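Residues per chain, in single letters:
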Amino acid sequence: GKMIHSFQCLSSHGKKKQGRESEEHSIVTTLEQSPAVDTVAVGTSDGSVHLINTLHDVKLFSLQHKNKQKPKKMTSNNMNAVSSISFRTDGNATRQGVAPLAVGCDDGSVSVWDLTPIQDEKDGIVRRTLLTQMEGV
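In this report, we go over the structure that sits alongside the text. A quick note: this is a predicted structure, and the numbers were derived from the prediction, not measured.

Further remarks concern the overall build of the protein chain. On a plain count of helices and strands, the protein chain comes out with one helix and ten strands. Taken from the N to the C terminus, the helices and strands of the protein chain come in the order β-β-β-β-β-β-β-α-β-β-β. Out of the 137 residues in the protein chain, the part that is buried amounts to 33%. For the protein chain, long-range pairs separated by at least 24 residues make up 39% of all intrachain contacts whose partners lie at least 6 apart in sequence. Summed over all atoms, the accessible surface of the protein chain reaches about 9,100 Å², with 51% contributed by carbon and sulfur.

Further remarks concern the sheet that holds strand β6 (residues 58-64). Spatial ordering of the open sheet is given by β3-β4-β5-β6, a layout of four strands whose pairing is antiparallel. Both outer strands of the open sheet, β3 (28-33) and β6, are each paired with one neighbouring strand and no more. Averaged over all pairs of adjacent strands, the angle between their axes in this sheet comes to 20°, without regard to strand direction. Direction of pairing for strand β4 (residues 39-44) relative to strand β5 (residues 48-53): antiparallel, over a ladder of five bridges.

Next up on the list: the nonpolar core. Counting residues in hydrophobic clusters, the biggest one holds 13 residues, and the most contacted among them are Val 49, Leu 51, Leu 63, Ile 85, Phe 87, Leu 101 and Leu 115. Of all the elements in the fold, those that place two or more residues in this core are β5, β6, β7 (82-87), β8 (100-105) and β9 (110-119). Residues within four places of Leu 63 in sequence aside, it is in contact with Gly 47, Ser 48, Val 49, Leu 101, Trp 113, Leu 115 and Arg 128. Judged by nonpolar contacts, the second largest core, of five residues, contains Phe 7, Cys 9, Val 40 and Ile 52.

Right, let's get into the pairing of β5. The side chains of a regular strand alternate between both faces of the sheet. With six of six residues buried, β5 is to be regarded as a mostly interior element. A two-sided burial pattern is seen for β5, the buried positions comprising Ser 48, His 50 and Ile 52 on one face and Val 49, Leu 51 and Asn 53 on the other. Counting the residues in the hairpin turn of β4 and β5 gives three residues, including Gly 47, whose phi is positive at 90°. Pairing of β5 with β6 involves six bridges; the strand directions are antiparallel. Residue pairing across strands places Asn 53 opposite Val 58, the latter belonging to β6.

Definitions and limits used
- Note on numbering: residues in each chain are counted from 1, in written sequence order.
- In view of the model being predicted, local features appear only for residues whose pLDDT reaches at least 70, and side-chain atom pairs are presented and counted only at 80 or more, with totals across whole chains, interfaces and linings using the full set of residues.
- Side-chain figures throughout are based on the complete set of non-hydrogen atoms in the structure, without hydrogens or water.
- Per the convention used, a helix needs a DSSP run of H or I reaching at least four residues, while a strand needs a run of E reaching at least two, with both numbered from the N terminus.
- Think of it in three bands: with a 1.4 Å probe and only protein chains considered, a residue is buried below 20% of the maximum accessible area for its type, exposed above 50%, and partly exposed in between.
- We call two residues contacting when some pair of their heavy atoms lies within 4.5 Å.
- Here, Shrake-Rupley sampling with a 1.4 Å probe gives the accessible areas, and only protein chains in the shown set may cover a residue.
- At least two bridges found by DSSP between two strands are what make those strands a pair.
- To obtain each axis, a line is fitted to C-alpha atoms, and for helices this fit is confined to the stretch in contact; angles are then taken between N-to-C directions over 0 to 180 degrees.
- Remark: nonpolar core denotes a set of buried residues (Ala, Val, Leu, Ile, Met, Phe, Trp, Tyr, Cys) joined through side-chain atoms within 4.5 Å.

Put into structure tokens, the structure is as follows:
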């Protein structure tokens, strides 16, 4: 195969963790085009979902899928790999004031996030809301 794109904004090269070079690398496991132009969701082997502006190669924000229970199938860093991502695109949700994103992991668990940004009044940090999480059977 031929590489057609590399997400530089996800590269861990040169990043330091606790004073030393980070050796941890997550693998891209799934991609999904968002309804927004030039934006893609990237699921990784460590349970993260990164929303990226592909035009400028900028990470907009990240979500972390965490299990309530210990998963049956885990990667080397004890997180479940993201196996699927889906945006709701029918318009009904946005009319209700939510922007849902469903994230599935390889243990069968599913998280549904509202991507509408909410700024915390105390610390000013912008967050997204986890609407629901369902464990795999």
